[in-house]
Protein chains: 2
Amino acid sequence: MTRHEKHFSSNKEKEFEFTCRKHGLSLTIQRRAILENLAGRTDHPTADQIYDAVKEHLKGVSKTTVYRVLETLVNFGLARKVNNPEAKARFDADTSRHHHLTCITCGAVLDIHAQQLNRLSFPEELHGDVEFIDYSINFNGRCPACLKKSGAKNTE
Amino acid sequence: MTRHEKHFSSNKEKEFEFTCRKHGLSLTIQRRAILENLAGRTDHPTADQIYDAVKEHLKGVSKTTVYRVLETLVNFGLARKVNNPEAKARFDADTSRHHHLTCITCGAVLDIHAQQLNRLSFPEELHGDVEFIDYSINFNGRCPACLKKSGAKNTE
DNA sequence: AAATATTTGACATTTATTACCATTTGCAAT
DNA sequence: ATTGCAAATGGTAATAAATGTCAAATATTT
Ligand SMILES: [Zn+2]
Ligand SMILES: [Zn+2]
Ligand SMILES: [Zn+2]
Ligand SMILES: [Zn+2]
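Residues numbered from 1 in each chain as written. Chains lettered and ligands numbered in written order. Predicted model: local features only at pLDDT ≥ 70, side-chain atom pairs only at ≥ 80, totals over all residues. Heavy atoms only, no water.

A. Quick peek at the pattern of salt bridges. According to the stated counting rule, one finds 18 salt bridges over all chains in the structure shown. Close ionic contact of R97(A) with D134(A) constitutes a salt bridge, the shortest N to O distance being 2.8 Å. Of this pair, R97(A) sits in the loop between β2 (91-92) and β3 (99-103) while D134(A) sits in strand β5 (residues 131-142), and the two are 37 residues apart along the sequence. Note that K63(B) and D48(B) form a salt bridge whose closest N and O atoms lie 3.0 Å from each other. Of this pair, K63(B) sits in helix α5 (residues 63-75) while D48(B) is found in helix α4 (residues 47-57), placing the two residues 15 residues apart along the sequence. The exposure class of K63(B) is partly exposed, given its relative accessible area of 34%. The network of salt bridges with shared partners includes E13(A), E17(A) and R32(A). (Salt bridge = Lys/Arg side-chain N within 4 Å of Asp/Glu carboxyl O. Helix = DSSP H or I, 4+ residues; strand = E, 2+ residues; numbered from the N terminus. Buried < 20%, exposed > 50% of the residue type's maximum accessible area, 1.4 Å probe, protein only.)

Below you can see the structure in the form of structure tokens.
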């Protein structure tokens with residue numbers, strides 16, 4: 001019983017309460033339980049995995065609520081969506097080493113080719129623990145079209 | 001008519017034919033058309049978008065085929081899946097700046113915290129064209145558990 | 001405690017992806 | 001060119017993830 005509660009560090013709990021109050025969000029037991037579960041694990045669970053875990057302690061939770069609460073948590077910066085910015089796979093015939101920028105305004109995905117980004121060194125302190133094979137970088141920002149539309153050309 | 005065909009660079013076409021022959025894959029018009037379409041655009045389309053485009057030239061293509069062919073192309077290195085290594089979103093309560101390693105063996109997602117990775121400089125040559133806001137790095141490799149199991153501890 | 005605004009739960013629906021299988025097609029050997 | 005067979009396709013049906021709806025329940029305010 002105390003096992004999972006100790007993971008809901010009072011830091012995260014305070015941040016949760018603060019953020020909810022700040023934005024006029026109700027402090028519901030569902031929100032608390034879902035964030036508590038997510039904060040108590042490091043395996044980057046899916047919505048379904050969180051649902052499976054939470055329903056043990058909170059009999060009757062709806063899966064809909066889990067999806068909704070997760071979205072809320074992400075929107076207010078209390079959690080982060082690691083994969084799948086959208087729910088569809090995107091394909092690329094360019095198999096050369098390059099990276100991507102996703103436009104936060106229109107969702108476009110642009111190629112970022114830059115030599116300097118292809119020479120990242122893997123963190124030494126982790127060698128031995130894990131094996132690094134490759135990497136790709138996901139930038140987020142704004143594409144040329146949306147930049148032009150908004151007129152926000154910061155040249156600084 | 002020549003508009004889209006010129007994009008199917010003879011390089012990619014040769015690579016396609018070579019790879020198919022090398023692995024005993026049939027050279028079907030569906031595979032050719034789908035790769036031709038994908039290679040002729042840079043917008044990282046979804047399977048559905050490719051289907052919409054391809055069916056114009058290849059009346060009667062099945063959406064199933066598009067999904068299947070894309071999978072084949074990715075498996076044989078002729079294309080790349082940019083988003084959604086799997087079709088589910090994963091969540092993280094750690095909103096601090098960090099990166100992720102996805103284990104190619106078991107699919108686990110691990111946090112990679114390393115200061116050196118948080119100081120990437122955005123490619124200068126792109127300043128002005130696009131606006132960079134943030135980034136995250138997706139490593140792929142193998143997690144400690146799978147590394148240990150396979151006994152492949154390369155300490156070099 | 002009562003009034004009000006928000007959130008939830010159950011169900012239905014949409015959307016992405018995969019499974020299945022009969023038919024067709026690519027391809028190699030006549 | 002014809003034949004034979006393995007491989008691939010098309011159509012449909014089935015999963016699975018995610019979202020929409022709305023009355024009932026709950027949190028917050030008064
Ligand atoms: Zn844009
Ligand atoms: Zn790309
Ligand atoms: Zn693993
Ligand atoms: Zn993480």
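After presenting the structure, the write-up continues.
B. The interface of chain B and chain A, seen in detail. Between chain B and chain A, the residue contacts involve 69 residues of the former and 69 residues of the latter. Buried area between chain B and chain A, both sides added, is near 5,900 Å², and the carbon and sulfur share of it is 56%. Of all residues in chain B, H44(B), R80(B) and F91(B) bury the most surface against chain A, accounting for 15% of the area lost on that side. With a shortest N-O distance of 2.6 Å, E131(A) and R142(B) are connected by a salt bridge. Counting across the chain B and chain A interface gives 33 residue pairs in polar contact (both at pLDDT 80 or more). Counting only elements with at least two residues in the side of chain B that touches chain A, the list comes to α3 (29-39), α5, β1 (80-81), β2 (91-92), β3 (99-103), β4 (109-112), β5 (131-142) and α6 (144-150) of chain B. (Contact = heavy atoms within 4.5 Å. Buried area = accessible area lost by both parts, 1.4 Å probe. Polar contact = N/O pair within 3.5 Å; in protein donor to acceptor, adjacent residues only side chain to side chain.)

C. Spatial organisation of the relation of the copies chain B and chain A. Placing chain B over chain A gives an RMSD of 0.1 Å and needs a rotation angle of 180°, together with 0.0 Å of translation along the axis. Taken together, the rotation angle and the small translation identify this as a two-fold axis. Residue I137(B), judged by its C-alpha, is the member of chain B lying nearest the rotation axis, at 2.2 Å. Here 100% of the contact residues of chain B are again contact residues in chain A; the copies associate through an equivalent surface. (Least-squares fit on C-alpha atoms with pLDDT ≥ 70 in both.)

D. Local environment of the coordination of the zinc ion (ligand 2). For the zinc ion (ligand 2), the full set of protein donor atoms is D92(A) (OD), H98(A) (NE2), H100(A) (NE2), D111(A) (OD) and H44(B) (NE2), at a range of 1.8 to 2.1 Å. Note that D92(A) is positioned in strand β2 and H44(B) in the loop between α3 and α4, a pairing that runs across two chains. Residue D92(A) shares its accessibility class with H44(B), and that shared class is buried. (Donors = N, O, S within 2.8 Å, 3.2 Å for Na, K, Ca; no water.)

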